[in-house]
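# Commentary on secondary and tertiary structure
Each chain is listed here by its residues.
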Amino acid sequence: MGAAEPDLYRDTWVRYLGYANEVGESFRPLVPVAAVWASYGVATAYVTADAIDKGRKAAAAHEHDPGKATRVGVAVADTFVWQSLASVAIPGFTINRLCAASLALLGSLTRWPLPVRKWATTALGLAAIPVIITPIDRTVDFLMDSSLRKLYGTEGEPPSSH
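Predicted model, so just to flag it, every value in this text is computed and none were measured. (Residues numbered from 1 in each chain as written. Predicted model: local features only at pLDDT ≥ 70, side-chain atom pairs only at ≥ 80, totals over all residues. Heavy atoms only, no water.)

### Quick look at the overall build of the chain
Scanning the chain from terminus to terminus reveals five helices and zero strands. Taking all 162 residues of the chain together, the buried fraction comes to 38%. The long-range share in the chain, meaning contacts at least 24 apart out of those at least 6 apart in sequence, stands at 68%. Surface exposure of the chain reaches about 9200 Å², of which carbon and sulfur atoms provide 69%. Of the side-chain charges in the chain, 15 are positive and 15 negative, and the distance between the mean point of each set is 10 Å. (Helix = DSSP H or I, 4+ residues; strand = E, 2+ residues; numbered from the N terminus. Buried < 20%, exposed > 50% of the residue type's maximum accessible area, 1.4 Å probe, protein only. Contact = heavy atoms within 4.5 Å. Areas by Shrake-Rupley, 256 points an atom, 1.4 Å probe, with all protein chains shown as cover. Lys, Arg positive; Asp, Glu negative; His and termini not counted. Charge placed at Lys NZ, Arg CZ, Asp CG, Glu CD.)

### A closer look at the pattern of salt bridges
Inspection of the entire model under this criterion finds eleven salt bridges. One salt bridge connects Arg149 with Asp78, and the closest N-O pair in it is separated by 2.8 Å. Taken together, the positions of Arg149 in helix H5 (residues 148–152) and Asp78 in helix H3 (residues 68–109) put the pair 71 residues apart, joining distant regions of the chain. For Arg149, a relative accessible area of 0% translates into the label buried. Among the charged side chains, a salt-bridge network with shared partners connects Asp7, Arg10, Asp50, Asp53, Lys54 and Lys57. (Salt bridge = Lys/Arg side-chain N within 4 Å of Asp/Glu carboxyl O.)

### Here we look at the packing of helix H2 (residues 33–61) against H3
Interaxial distance between H2 and H3 falls to 8 Å at its minimum, and their mutual angle equals 160°. One element, H2, and the other, H3, form an angle in the roughly antiparallel class. Where H2 crosses over H3, the two elements pack in a sense that is right-handed. Along the contact surface, H2 presents Tyr40, Ala43, Tyr46, Val47, Thr48, Asp50, Ala51, Lys54, Gly55, Ala58 and Ala59, while H3 presents Lys68, Arg71, Val72, Ala75, Val76, Thr79, Phe80, Gln83, Ser84, Ser87, Val88 and Gly92. Broken down by class, the residue content of the contact of H2 with H3 amounts to twelve nonpolar, seven polar and four charged. (Axes fitted to C-alpha atoms, helices over the stretch in contact; angles between N-to-C directions. Parallel < 35°, antiparallel > 145°, perpendicular 65-115°, else oblique. Left-handed = near helix turned anticlockwise from the far one by under 90°. Nonpolar A, V, L, I, M, F, W, Y, C, P; charged D, E, K, R; others polar.)

### Concerning the packing of H3 against helix H4 (residues 114–145)
Between two packed helices, both the angle of their axes relative to each other and the distance between the axes serve to describe the pair. Following both chains from N to C, one finds H3 and H4 inclined at 145°, their axes separated by 8 Å at the closest point. Crossing handedness for the pair H3 and H4: right-handed. Residues of the contact of H3 with H4, tallied by class, amount to 19 nonpolar, five polar and five charged.

### A short note on the environment of Lys118
Along the chain, the position of Lys118 falls in helix H4. On a C-alpha basis, the gap between Lys118 and Val47 in space is 29 Å, while along the polypeptide they are 71 residues apart. Discounting residues that sit within four places of it in the chain, Lys118 has contacts with Pro29, Leu30 and Leu103.

### Some details on the packing of aromatic side chains
What characterises a pair of aromatic rings is the spacing of the ring centres plus the angle enclosed by the ring planes. Within this structure, the stated rule accounts for four aromatic pairs. Ring centres of Trp37 and Tyr40 lie 5.6 Å apart, and the angle between their planes is 40°; on these two criteria the pair is classed as tilted. One end of the pair is Trp37 and the other is Tyr40, both in helix H2 and three residues apart, which spans about a single turn. A residue is classified by how much of its surface remains accessible, and Trp37, at 56% relative accessible area, is exposed. You can call Tyr40 buried: its relative accessible area is 16%. (Phe/Tyr/Trp six-rings, centres within 6.5 Å; stacked < 30°, edge-to-face > 60°.)

### Brief notes about the nonpolar core
With twelve residues, the main nonpolar core is built from Tyr19, Trp82, Ala86, Ile95, Cys99, Ala128, Ile129, Ile132, Ile133, Ile136, Val140 and Met144. Contributing elements (two or more residues each) for this core: H3 and H4. Looking at this core element by element, the count peaks at seven residues for H4. In this structure, Val14, Ala43, Tyr46 and Val88 belong to the second largest nonpolar core, which totals eight residues. (Core = buried A, V, L, I, M, F, W, Y, C linked by side-chain atoms within 4.5 Å.)

Quick look at the structure:
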């Protein structure tokens with residue numbers, strides 16, 4: 001047996017596009033708000049592309065299955081919801097609040113000039129990204145396994161094409 005083909009959206013550099021909004025939130029103190037919103041656009045495009053990809057893979061894997069439409073719908077919905085929560089909504093909120101709190105705390109606890117406080121906040125936000133990823137992913141897995149995935153009878157990782 002050959003090795004499984006790598007998933008473009010989860011096993012390659014493309015995966016980092018899902019973190020674009022966390023980077024945008026980290027830079028919020030330094031860039032125009034339009035740049036932050038653009039980072040959400042990149043992350044949302046990544047989420048949508050991954051969901052479409054999983055739907056296409058499910059369609060190909062279940063080509064002759066009478067329940068093909070249901071399997072494709074589940075693959076798309078599960079991937080879209082999981083990625084929206086784990087890659088965009090929860091980490092974006094987390095980094096946003098972390099950076100807002102750190103900027104406020106640095107303002108009240110230090111005499112650093114505002115540009116230094118903004119850069120320190122950005123550095124903290126960027127440093128937090130790798131720390132928050134796994135706990136958020138596992139929490140979203142648990143939430144989905146405890147709710148949506150019970151409705152369509154699959155638990156664990158988002159549906160694959162196999």
